[in-house]
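# Structural description and commentary
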Amino acid sequence: MSETTTAPAPTVDQAHNDDHKTPGGARATLIKIIDGSTITSILAVVVALIVGALLIAAADPQVQQTATYLFARPGDFFSTVGTTVADAYSALFQGAVFNIDTSYTVGDFLRPLTNTIAMSVPLIFAGLGLAVGFRSGLFNIGGQGQIILGAVLCGYIGFTFEMPAVLHVLCCFLGALIGGALWGFIPGFLKARTGANEVIVTIMLNSIAAFFLGWLLTLDAFQRPDSNNPVSPPVLESARYPAFFGTSINLGFVLAIAAAIAVWWLLERSTLGFRLRAVGSNPDAARTAGMSVPSVTIWAMTIAGGLCGLAATSQLLTSPFQQLNGDIAGTFGFDAITVALLGRSRPLGTVLAGLLFGGLQAGGYLMQSATGTPIDVILVLKSVIVLLIAAPPLVRAIFHLPDPERRKKHHRASTAAAARSEATA
Amino acid sequence: MKLELRGVTKKFGDFVANDAIDLVIEPGQIHALLGENGAGKSTLMNVLFGLYEADAGEILIDDVPVQFDGPRQAMEAGIGMVHQHFMLIPVFTVAENVVMGNEPIKMLDLIDTNQARRTVTEISDRFGFDVDPDALIEDLPVGVQQRVEIIKALSRQASILILDEPTAVLTPQETDELMEIMRQLKKAGTSIVFITHKLREVKEVADTITVIRRGKVVGTASPKASQNELAQLMVGHSVALTVEKKPPELKGPALDVHHLCLLDPDGRPLLDDVSLTVERGEILAVAGVQGNGQTELAETLVGLRRPTAGSIKLDNHELAGLSVHDVLAAGVGFVAEDRSTDGMIADFTVAENLVLDQIDEAPFSKAGALDLAAIAEHARHQIEEFDVRTQSADVPISTLSGGNQQKVVLARELSRELRLLIASQPTRGVDVGSIEFIHQRIVAERDVGTPVIIVSTELDEVLALADKIAVMYRGRVVDVVPPTTSRGVLGLMMAGASYEDALKEEAAAAKKTAAKKAVQKGDDHE
């Protein structure tokens, strides 16, 4: 029934809401995305790569040239398209996983992979933070601000105080955790106390954090003494993550994996996680079972903020980004949303999605330098992935997959389907 | 129009929801489809309505085979469906909802609202529905919303109307009105498929009864069959419709609710000076038409709402003002009225739902870490003890039928030592077999000395369980009366009459009522 797959989503949410009386469609949508299948995530990436291939071909001057005599010699056109796309994607792969051409040393061979891993660290940290929020039913858009606040504390401790190496790293790590947690606590507290929408509050707090950092960088305590630019002094050597085997992989990646395991334990094996998931799935039932929804909200946002704050450590405690500046958070806070959603808010999924995004970033540089393909293609890939994850019916329509809801035995599924069909009928 | 299903089979994986079902719906008849929750009634109707594709079998209209790829074709063939959950848009008017998807168009592609309004008025007048075409759906009571759904189906020339569990959401009064509407539609020549699991309703309006069990037609019956016969067909074993229970052994006062008041945000009283006492070993049933404060009373007792004034003393321990967590910790078990919203978490497993309100306690967790083995063991034990029909303890509770979901909720609440059990609508949307089981468990809990409060809008349930009955009307307790009180007196009290007035009125009206009933019976036999 093709008419059902193209039905407008709000009607589905409507039926969904009637069943569960969940507040607002946002939560329903969120639950839908998180409950989506692994297949959807994988296919989203595949479709993104296909769309990317079309763009790569379209942007290539040689392809454009052959297109002018497409009808005279179509073979030229198609073979040029083929080689262009293959060249670009093989460069992307070589830049992200391993370099086939250079086989001097094992280190060189694996350098792209180690770069990918290094680039994935902040995405994994922040992605985990957002995943915790999503699983608790909270749409935390404030990863950006939480990373900035983490960076402020982490950086200040890192370049101001002199300490023994291990202790210094630990203090910077805790600083990042606390800074982010504080910035997560604020919207959590406001939502718990006043019902303020966390989406709006976190977006606002992003701007506040950015301007706060800009102001701090004009102060003597933060600004580098020999510079007029708004940058801080570099973090001291003693506060850097030790690197492994001379590669760009350092302690940060190990800590990110440890954080993923900790988040898994929190969500699946702890009573707090049980409450987070309960409130995320059905706050009414959670309340009726005696759980305090406000306190769970505050915990969820605080933990989410803390994890996002840790993303700053990979920027500050690692060469070559060892100083605070206005661009310290990049777009990690926003990319992490995609990472968490692509990973369906599961710790393992988030790690894998983080590695994929890290790889796209790392490979994108080589792709641009080797084949002249604009690195903007990477941005397009990410955007298409976001689009497809947010609209699972689109992926299902492309691949003619059955709607999982229609297969459920439960009558709720059939009424939801009925609502959609009736809306289009 | 004659509708026939031949050998319709629908499978979901290994699960056979409909197994070679044959069904003939004669024109102008009310055909009841009776079966427990999960028997396959709704699936069958979804096949008929084109929402599911049958794996085998065929559908014939006036002896011509037809194939529906979707609801639209089913509607064009003259089949209308009123779902259990209404498919209406709350912020649209009645007229807009009725024409939605089939809008009359005038110049410039605009919706002809006058035409839409006329459609509603015309159908509404023909059947005496009394529906205002300009009213917003959200302002209408549930019973009227249902009529809008019926109008919607009729406006598309439906000659067969499928009503899926239409009385599940209605008050007793609204149910009576719906029965009347069904009789009128029948007179006008519309065939009705009436899906339900309520025996009394079936006996009241159906011309033919088909009983479905575990996806198969297990028999047809005439409406003259006794409730016991029907119940037996439905569940496959004889069902005691009245609960066997000994007289209560009172073991001293336990709960003392004193001058309890609750105001809504606008200052309107929801609970008005409610005072009640319940003794250990006694069941107090709170009766009343839905929306007279029973829901609020239960929610206030359990701490979900904070009373404006008054006290709730359980074993001389003040509960008013405590959080839900503390009330539960004080030994109160609570079965919420709306199971799917408040009683369970649909995508949590059965095992997780069984410990929802005990997750902080030993043995289910230690120092903030879950003890999965203890949770699994608890689930195994409770599933067995409460005869929960589920594939395993680790499937989401949403895969269970309503009755089995409710057993999970009850199993959870009864799994700890209780000082008070509050059960709101404990058997709403639950099949007959499970009702019996749930009632027995509640009585068993009373027999070990737990004070019990049952809130129910089903008079049958109230009369079956109560050791005393509190009738509520507009947030007040009208009176507390003995369980032997007649239905008539209780009905009058639900409309606000005091016990004495109701007794007098009942006696005076006895003759009149008898006369009226005779007339009504005459009408039915026409």
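Residues numbered from 1 in each chain as written. Chains lettered and ligands numbered in written order. Predicted model: local features only at pLDDT ≥ 70, side-chain atom pairs only at ≥ 80, totals over all residues. Heavy atoms only, no water.

Glancing now at the overall build of chain A. Helix and strand counts for chain A come out as 20 helices and two strands. If you take every contact in chain A between residues at least 6 apart in sequence, the share linking residues at least 24 apart comes to 71%. (Helix = DSSP H or I, 4+ residues; strand = E, 2+ residues; numbered from the N terminus. Contact = heavy atoms within 4.5 Å.)

Our focus in this paragraph is the overall build of chain B. Scanning chain B for helices and strands turns up 18 helices and 22 strands. Its C-alpha atoms give chain B a radius of gyration of 25 Å, within 12% of the compact-globule value 24 Å for 526 residues. Projecting the C-alpha coordinates of chain B onto the three principal axes gives extents of approximately 70 × 60 × 55 Å. Burial statistics for chain B: of 526 residues in total, 54% are counted as buried. (Rg over C-alpha atoms; globule rule 2.2 N^0.38 Å. Buried < 20%, exposed > 50% of the residue type's maximum accessible area, 1.4 Å probe, protein only.)

All names here are of chain A. For chain A, the assigned domains are domain 1 (25-96 + 373-409) and domain 2 (121-357). Between the C-alpha centres of domain 1 and domain 2 there is a distance of 30 Å. Of the residues lining the interface, 14 residues belong to domain 1; the matching set on domain 2 comes to 19 residues. With both chains or domains summed, domain 1 and domain 2 bury close to 1,400 Å², and 67% of this area falls on carbon and sulfur atoms. Run the count over domain 1 and domain 2 and you get one salt bridge. A salt bridge links D335 to K382; the nearest nitrogen and oxygen atoms lie 3.2 Å apart. Our count for the domain 1 to domain 2 interface comes out at two residue pairs in polar contact (both at pLDDT 80 or more). Those elements giving two or more residues to the side of domain 1 that touches domain 2 turn out to be α3 (25-35), α4 (38-59) and α17 (376-390). Considering each element in turn, the side of domain 1 that touches domain 2 owes the most residues, five residues, to α3. Per-class residue counts for the side of domain 1 that touches domain 2 are eight nonpolar, four polar and two charged. (Domains from an automatic or database assignment. Buried area = accessible area lost by both parts, 1.4 Å probe. Salt bridge = Lys/Arg side-chain N within 4 Å of Asp/Glu carboxyl O. Polar contact = N/O pair within 3.5 Å; in protein donor to acceptor, adjacent residues only side chain to side chain. Nonpolar A, V, L, I, M, F, W, Y, C, P; charged D, E, K, R; others polar.)

Residues and elements named next belong to chain B. Neither face of strand β20 (residues 452-455) is open: one carries V452 and I454, the other I453 and V455, and all of them are buried. As paired strands, strand β13 (residues 283-287) and β20 are joined by four bridges and run parallel to one another. In the sheet register, I283 faces β20, and the bridge partner there is V452. Bridge count between strand β19 (residues 420-424) and β20: four bridges; the pairing is parallel. (Pairing = 2+ DSSP bridges.)

Along the chain, S191 of chain B turns up in strand β8 (residues 191-196). Once residues within four sequence positions are removed from consideration, S191 of chain B is found in contact with M1, I25, E26, P27, G28, Q29, S159, I160 and L161 of chain B.

This part takes up the packing of aromatic side chains. Taken as a whole and judged by the stated rule, the model has eleven aromatic pairs over all chains. Here the aromatic rings of F134 of chain A and F139 of chain A are separated by 5.2 Å at their centres, their planes lie at 75 degrees, and the arrangement is edge-to-face. Ring pairing ties together the aromatic residues Y156, F159, F161 and F222 of chain A, which thus form one cluster. Residue placement shows R277 of chain A over the ring face of F348 of chain B; its charged tip is 5.1 Å from the ring centre. The lysine or arginine in question, R441 of chain B, covers the ring of F386 of chain B, its NZ or CZ lying 4.2 Å from the ring centre. (Phe/Tyr/Trp six-rings, centres within 6.5 Å; stacked < 30°, edge-to-face > 60°. Lys NZ or Arg CZ within 6 Å of the ring centre and 35° of its normal.)

Another aspect to go through is a nonpolar patch on the surface. Residues and elements named next belong to chain A. Taken together, the side chains of I42, V46, I50, L54, L387, L394, I398 and F399 define a hydrophobic patch exposed on the protein surface, amounting to about 720 Å² of accessible area. Put simply, the parts of the chain that give the nonpolar patch at least two residues each are α4 and α18 (392-399). Counting residues per element, the nonpolar patch draws most heavily on α4, which supplies four residues. Secondary-structure assignment places V46 in helix α4. (Patch = residues over 30% accessible without salt bridge, like charges linked within 9 Å, V, L, I, M, F, W, Y side chains within 5 Å. Areas by Shrake-Rupley, 256 points an atom, 1.4 Å probe, with all protein chains shown as cover.)

To continue, consider the sheet that holds β8 of chain B. Residue and element names in this part refer to chain B. Pairing in this open sheet of six strands is mixed, and the strands run β6-β7-β8-β3-β9-β10 from one edge to the other. Only two strands of the sheet have a single partner each, and these edge strands are β6 (79-82) and β10 (216-221). Pairwise comparison of adjacent strand axes, ignoring direction, gives a mean angle of 20 degrees for this sheet. Of the strands in this sheet, β6 and β7 (160-164) are in contact with helix α5 (residues 142-155), which crosses β6 at around 165 degrees. (Axes fitted to C-alpha atoms, helices over the stretch in contact; angles between N-to-C directions.)

It is possible for side chains of opposite charge to pair when their charged atoms get near one another. All names here are of chain B. One pass over the full model with this rule turns up 36 salt bridges over all chains. Here E4 ties to R6 by a salt bridge, and the two come within 3.1 Å at their closest N and O atoms. According to the relative accessible area criterion, E4 is buried, its value standing at 12%. The closest approach of N and O atoms between D19 and K216, which form a salt bridge, is 3.8 Å. Taken together, the residues span a long stretch of sequence, with D19 in strand β2 (residues 15-25) and K216 in strand β10 at a distance of 197 residues.

Time to look at the pairing of β6 of chain B. All names here are of chain B. Alternating positions in β6 separate into two faces, I79 and M81 on one and G80 and V82 on the other, with burial throughout. Sheet topology note: the β6/β7 ladder contains four bridges and is parallel. Paired with M81 across the two strands is I162, which belongs to β7.

Attention shifts here to the packing of helix α9 (residues 165-194) of chain A against helix α10 (residues 198-216) of chain A. To describe two helices that pack against each other, one gives the angle between their axes and the distance between the axes. All names here are of chain A. Packing of α9 against α10 brings their axes to within 10 Å, and their N-to-C directions diverge by 145 degrees. As α9 runs across α10, the sense of the crossing is right-handed. Between α9 and α10, the contacting residues are W183, I186, P187, L190 and K191 on the first element and E198, V201, T202, L205, I208 and A209 on the second. (Left-handed = near helix turned anticlockwise from the far one by under 90°.)

All right, on to helix α6 (residues 172-187) of chain B then. Residue and element names in this part refer to chain B. Compared with an ideal rise of 1.5 Å per residue, which puts 16 residues at 22 Å, α6 spans 23 Å between its outermost C-alpha atoms and is within 8% of the ideal. Buried within α6 we find E174, T175, L178, M179, I181, M182 and L185. Angularly, the buried residues of α6 cover 165 degrees about the axis, an arc narrow enough to put them on a single face. The secondary structure elements touched by the buried residues of α6 are β3 (30-35), α5, β7, β8 and α7 (199-205). At the C-terminal side of α6, G189 shows a positive phi close to 100 degrees. (Expected span 1.5 Å × (residues − 1). Arc of directions from axis to C-beta.)

With that settled, the discussion passes to the environment of G496 of chain B. Structurally, G496 of chain B can be placed in the loop between α17 (487-494) and α18 (499-525). With residues up to four places along the chain from it excluded, the contact list for G496 of chain B reads Y473 and V478 of chain B.

All names here are of chain A. One can describe the packing of α4 onto α17 by two numbers: an axis separation of 8 Å at closest approach and a directional angle of 140 degrees. Seen along the crossing, α4 lies across α17 with a hand that is right-handed. Where α4 abuts α17, its residues A44, V45, V47, A48, L49, V51, G52, L55 and I56 lie against V377, V380, L381, V384, I385, L388 and I389. Here the contact of α4 with α17 is built from residues that sort into 15 nonpolar, one polar and no charged.

Looking now at the sheet that holds strand β15 (residues 317-318) of chain B. All names here are of chain B. Strand order in this open sheet of four strands is β12-β11-β14-β15, and the pairing throughout is antiparallel. With one partner strand each, in any of the chains shown, β12 (269-279) and β15 form the two edges of the open sheet. Lying over the sheet, helix α9 (residues 294-301) contacts β11 (253-263), β12 and β14 (309-314), oriented at roughly 65 degrees with respect to β12.

Here we take up α5 of chain B. All names here are of chain B. Taking 1.5 Å per residue, 14 residues should reach 20 Å; α5 reaches 20 Å between its end C-alpha atoms and fits that length. Summarising burial for α5: 13 of the 14 residues are buried, a large majority. Positive backbone phi, at 60 degrees, marks Q157, one or two positions downstream of α5.

Attention now moves to the state of the cysteines. Residues and elements named next belong to chain A. All chains considered together, the criterion is met by zero disulfides over all chains. A disulfide-free cysteine, C308 has its sulfur positioned 15 Å from the sulfur of C154, the nearest such atom. Relative accessible area serves as the criterion here: at 0%, C308 is assigned to the buried category. (Disulfide = S-S within 2.5 Å.)

Another point: the side chain of T84 of chain A. All names here are of chain A. Within the secondary structure layout, T84 lies in helix α6 (residues 74-96). With relative accessibility at 10%, the residue T84 sits in the buried group. One polar contact links the side chain of T84 to the main-chain carbonyl oxygen of T80, over a distance of 2.6 Å. Look past the residues within four positions of T84 in its chain and what remains in contact with it is I56, D60 and V63.

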